[in-house]
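Breakdown of the fold
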Amino acid sequence: MTSPSHGTQSECAVSIVIVNWNTRDILRDCLISISRQTRKPHEVIVVDNASSDGSVDLVRDEFPDVRLIANDTNRGFAAANNQGLEIARGDNLLLLNPDTIILDGAIDTMLDWLDQHPDVGCAGCQVLEDETTIQRTCFADPGPGNLALIEFGLHRLSRRNPLLARAEYGDWDRRSQREVDVVSGMFMLVPRRVFEAVGLLDEAFFVYSEEADWCRRIRDAGWKCVFTPEARILHLEGGGKSTAQIRSRMYVQMQKSKMIYLRKHYGLWGLFRGRMVFVGSSVLRFVMSVANQREEAAARRRLARASLRYHLTSQEPTE
């Protein structure tokens, strides 16, 4: 792995910030892939959010060149990324998930591409779920209208209908370059000049929606957010989890973060509309699953109850 630079910013092409929480083994694979696939001068910063699985010892013992920040508590995704960004020395800044594998010199390729596109403020690359499946990364601004399309499942009715498919760009196969509203958070490459103009991630977002807010601010400042298939990475969790595996606490946290986003960018009226969308979609999911005794249906009822409890009483689940 390239040793951290200690001189001027130009000696370090990119600072790679990875937030880790109990992903020891896949973090190792990610760090190895960075070392093997990246030739440009770089530094890697791992911010560990109080992992209990030996992640900190792994980094210290096996990757001594990595700059490590070991938090005593889980500070959340946005705050932990900010810790890394605040000490980063690179000319560019890359937020990278630990459950990713760098393929075919992807970081070097994206750095070269970014140099050729000075109007781009945030760039994302192609993400694979496996050897042949392209993950549908990037999405439209999560305003009330797009939120309703997703929560009521309307975006799945016709991927060829640009109106219904717009929330997640469902009519686009991710094989072509495209300007997007939001670059997905597992790989976000930002030039330092953009970061210095826009600032850190908003720590009001504990986890989820922080990338949407950052991209919104980047676009508002006059830069483009762009997806390009010029480079590829592998996302180990790209296939997602079944409904039965989703924990109520994280499900509600995702909705809470979306509400924070709506309040910040769409005001009280947007916040109200978003809450009505979540309440309505939760009622619909619960009712439609009542007669079904399968595990997935029971999980949908569990998540719907947790959502309704949060939006109607502000009570968040503990598990």
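Computed from a predicted structure; not experimentally measured.

Some remarks on the overall build of the protein
- Scanning the protein from N- to C-terminus turns up nine helices and nine strands.
- Taking the principal axes of its C-alpha atoms as reference, the protein extends roughly 60 × 40 × 40 Å.
- The 319 residues of the protein split such that 51% are buried.
- The contacts in the protein between residues at least 6 apart in sequence include a share of 77% that link residues at least 24 apart.
- Here the protein displays about 14700 Å² of accessible surface, and carbon together with sulfur accounts for 49% of that area.
- Of the side chains in the protein, 40 bear a positive and 42 a negative charge, and the two mean positions are spaced by 8 Å.

Some points on the pattern of salt bridges
- This structure, assessed with the given rule, holds 19 salt bridges.
- Taking the shortest distance from any N to any O, the salt bridge between Glu196 and Arg192 comes out at 3.8 Å. With Glu196 and Arg192 both in helix α6 (residues 192-198), this residue pair falls four residues apart, about one helical turn.
- One network of salt bridges, in which partners are shared, links Asp141, Asp181, Arg216, Arg219 and Asp220.

Quick notes on unusual backbone geometry
- In this structure, Asn22 is a non-glycine residue whose phi angle is positive, near 55 degrees.
- Here Asn22 is to be found in the loop between β1 (14-20) and α1 (24-37).
- Given the relative accessible area of 30%, Asn22 is considered partly exposed.
- A positive phi angle is found at Arg174, which is not glycine, with a value near 65 degrees.
- Within the secondary structure, Arg174 is located in the loop between α5 (144-151) and β7 (178-180).

Quick look at the state of the cysteines
- One pass over the full model with this rule turns up zero disulfides.
- Cys215 supplies the cysteine sulfur nearest to Cys225, a cysteine that is in no disulfide, at a spacing of 3.9 Å.
- Judged by its relative accessible area of 0%, Cys225 falls in the buried class.

So, a nonpolar patch on the surface
- The grouping of Phe152, Leu154, Leu157, Leu284 and Met288 at the surface amounts to a nonpolar patch, some 500 Å² of accessible area in total.
- Residue position: Met288 is located in helix α8 (residues 248-289).

Looking at the packing of aromatic side chains
- In the structure shown here, the tally under the stated rule is three aromatic pairs.
- With centroids separated by 5.9 Å and ring planes inclined at 75 degrees, the aromatic side chains of Tyr169 and Trp172 adopt a geometry described as edge-to-face.
- A ring pair is formed by Trp172 and Phe227, whose centres lie 5.0 Å apart and whose planes are at 90 degrees; its orientation type is edge-to-face. Here Phe227 lies in strand β9 (residues 224-235) and Trp172 lies in the loop between α5 and β7, a separation of 55 residues in the sequence. Phe227 matches Trp172 in its accessibility class, with the two residues each being buried.
- Pairwise contacts between aromatic rings join Tyr169, Trp172 and Phe227 into one cluster.
- Cation over ring: Arg178 sits above Tyr169, and NZ or CZ is 4.2 Å from the ring centre.

Section: the environment of Gly270
- The topology assignment puts Gly270 in helix α8.
- Separated by 64 residues in the primary sequence, Gly270 and Phe206 have C-alpha atoms spaced 20 Å apart.
- Aside from chain neighbours lying at most four places away, what touches Gly270 is Pro144 and Leu262.

Some words on α5
- Listed as buried for α5 are Pro144, Asn146, Leu147, Leu149 and Glu151.
- Among the residues trailing α5, Gly153 stands out with phi positive, at a value near 70 degrees.

Concerning the nonpolar core
- Membership of the largest hydrophobic core comes to 34 residues, with the highest contact counts inside it found for Cys122, Val180, Trp214 and Ile218.
- Elements supplying a minimum of two residues to this core: β1, β2 (42-49), α3 (77-87), β4 (92-96), β8 (187-191), α6, α7 (210-220) and β9.
- Here this core gets four residues from one element, more than from any other, and that element is α7.
- Other than its neighbours up to four places away in sequence, Ile218 contacts Gly121, Cys122, Val190, Val194, Val198, Trp223 and Cys225.
- Within the second largest apolar cluster, 33 residues are counted, among which are Val14, Val46, Met110 and Ile233.

Procedures and definitions
Residues numbered from 1 in each chain as written. Predicted model: local features only at pLDDT ≥ 70, side-chain atom pairs only at ≥ 80, totals over all residues. Heavy atoms only, no water. Helix = DSSP H or I, 4+ residues; strand = E, 2+ residues; numbered from the N terminus. Buried < 20%, exposed > 50% of the residue type's maximum accessible area, 1.4 Å probe, protein only. Contact = heavy atoms within 4.5 Å. Areas by Shrake-Rupley, 256 points an atom, 1.4 Å probe, with all protein chains shown as cover. Lys, Arg positive; Asp, Glu negative; His and termini not counted. Charge placed at Lys NZ, Arg CZ, Asp CG, Glu CD. Salt bridge = Lys/Arg side-chain N within 4 Å of Asp/Glu carboxyl O. Disulfide = S-S within 2.5 Å. Patch = residues over 30% accessible without salt bridge, like charges linked within 9 Å, V, L, I, M, F, W, Y side chains within 5 Å. Phe/Tyr/Trp six-rings, centres within 6.5 Å; stacked < 30°, edge-to-face > 60°. Lys NZ or Arg CZ within 6 Å of the ring centre and 35° of its normal. Core = buried A, V, L, I, M, F, W, Y, C linked by side-chain atoms within 4.5 Å.

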